[in-house]
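Chain by chain, the residues run as shown.
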Amino acid sequence: MSFLGENPDIAYPLTAAFGLVMGSFLSTVVTRLPARIDWRNRRRAYAFLNQSDVYDPPPPDVLTGRAHCPQCKATLAWHERIPLVSYALSGGKCRHCGQPIGLMYPLLELLTMVLTVFSVWRFGFGWQGFGAMLFTWYLTAASLIDIRHGLLPDKLTLPLMWLGLVASTDNLFLAAKPALLGAVGGYVIFWFVGGLFKQLRGKSGLGRGDYKLLAAIGAWVGVGMLLPVIFASSVLGLLIGGAVWALKGRSAADPLPFGPFLALAGLLIFMIGPEQIQIWLWNLRSSLGG
Ligand SMILES: [Zn+2]
């Protein structure tokens with residue numbers, strides 16, 4: 001790590017390339033994980049109905065499955081999987097079936113690269129920088145799956161929470177106590193708000209995935225930042241959700257997923273730093289005459 005820290009001319013391009021590769025991996029997670037979850041749910045349903053012999057081939061495994069075209073399922077060679085480059089060379093089309101691959105792939109690769117480089121720029125080439133990368137990768141994948149499927153997989157939210165708690169045992173970003181209380185508090189606050197909302201409106205506005213995502217974010221930013229995260233995500237949700245509704249004319253019965261706003265708010269507060277947010281809040285309080 002110290003070699004990278006002392007040679008930024010090499011370290012930043014390497015990190016950028018690493019971010020692109022990671023972005024390519026995240027696109028695999030985003031497309032395959034929901035399909036795997038669906039398949040596992042179907043298997044469970046078949047087993048429950050005593051129809052375990054129904055033929056239902058498993059979709060490719062997230063980690064071990066070969067890379068393939070999302071449209072024609074043709075297996076891709078290594079030179080068809082180079083982040084950005086392959087997309088640019090093929091004109092955004094599959095070389096086997098000629099169908100458009102989708103702008104999500106290069107955009108996700110670029111976004112992951114930017115967030116990965118930003119993580120080490122903000123926290124340095126060390127465990128903190130690496131921890132920040134993990135935080136951004138998990139939040140990016142979870143947000144995209146929530147946008148596309150209205151689902152926040154446990155396979156993303158729970159490991160993110162455990163990673164934050166483990167990091168706090170070594171005081172990586174914060175001490176163990178605020179991290180643990182942040183995780184527990186995040187879940188409990190949303191469980192309470194979600195229950196209240198259900199009582200008042202007769203339908204749930206928050207899903208259990210949102211409870212777990214706030215718990216995960218709480219483990220990384222601490223219990224003191226839970227209310228700022230909730231506040232910031234609500235403001236972002238109102239602004240961006242309002243804009244989307246104005247543009248697309250969505251009805252209120254079809255609400256936007258809340259996960260991406262939580263993730264964005266958590267990421268902003270994590271990158272700015274809880275200490276800095278505390279100072280802003282303290283200044284705000286004293287300027288209001290408190
Ligand atoms: Zn194809």
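One can find the structure itself at the top, above this paragraph.
A quick note: this is a predicted structure, and the numbers were derived from the prediction, not measured. (Residues numbered from 1 in each chain as written. Predicted model: local features only at pLDDT ≥ 70, side-chain atom pairs only at ≥ 80, totals over all residues. Heavy atoms only, no water.)

**Section: the coordination of the zinc ion**
Of the protein atoms, only Cys69 (SG), Cys72 (SG), Cys94 (SG) and Cys97 (SG) coordinate the zinc ion, at distances of 2.2 to 2.4 Å. Coordination at the zinc ion is tetrahedral, judged from the 4 donor atoms that bind it and the angles of 103 to 121 degrees they form at the metal. The sequence pattern formed by the donor residues of the zinc ion is C-x2-C-x21-C-x2-C. You can see Cys69 sitting in the loop between helix H2 (8-48) and helix H3 (85-89) and its partner Cys94 sitting in the loop between H3 and helix H4 (104-123), a full 25 residues away along the chain. The pair Cys69 / Cys94 is uniform in exposure class, with both members buried. (Donors = N, O, S within 2.8 Å, 3.2 Å for Na, K, Ca; no water. Tetrahedral: all angles 85-135°; square planar, octahedral: opposite > 155°, others 65-115°. Helix = DSSP H or I, 4+ residues; strand = E, 2+ residues; numbered from the N terminus. Buried < 20%, exposed > 50% of the residue type's maximum accessible area, 1.4 Å probe, protein only.)

**Some words on the pattern of salt bridges**
Applying the stated rule across the entire model yields 4 salt bridges. For Asp61, the salt bridge identified is with Arg36, shortest N-O distance 3.6 Å. You can see Asp61 sitting in the loop between H2 and H3 and its partner Arg36 sitting in helix H2, a full 25 residues away along the chain. On the accessibility criterion, Arg36 (14% relative accessible area) is buried. (Salt bridge = Lys/Arg side-chain N within 4 Å of Asp/Glu carboxyl O.)

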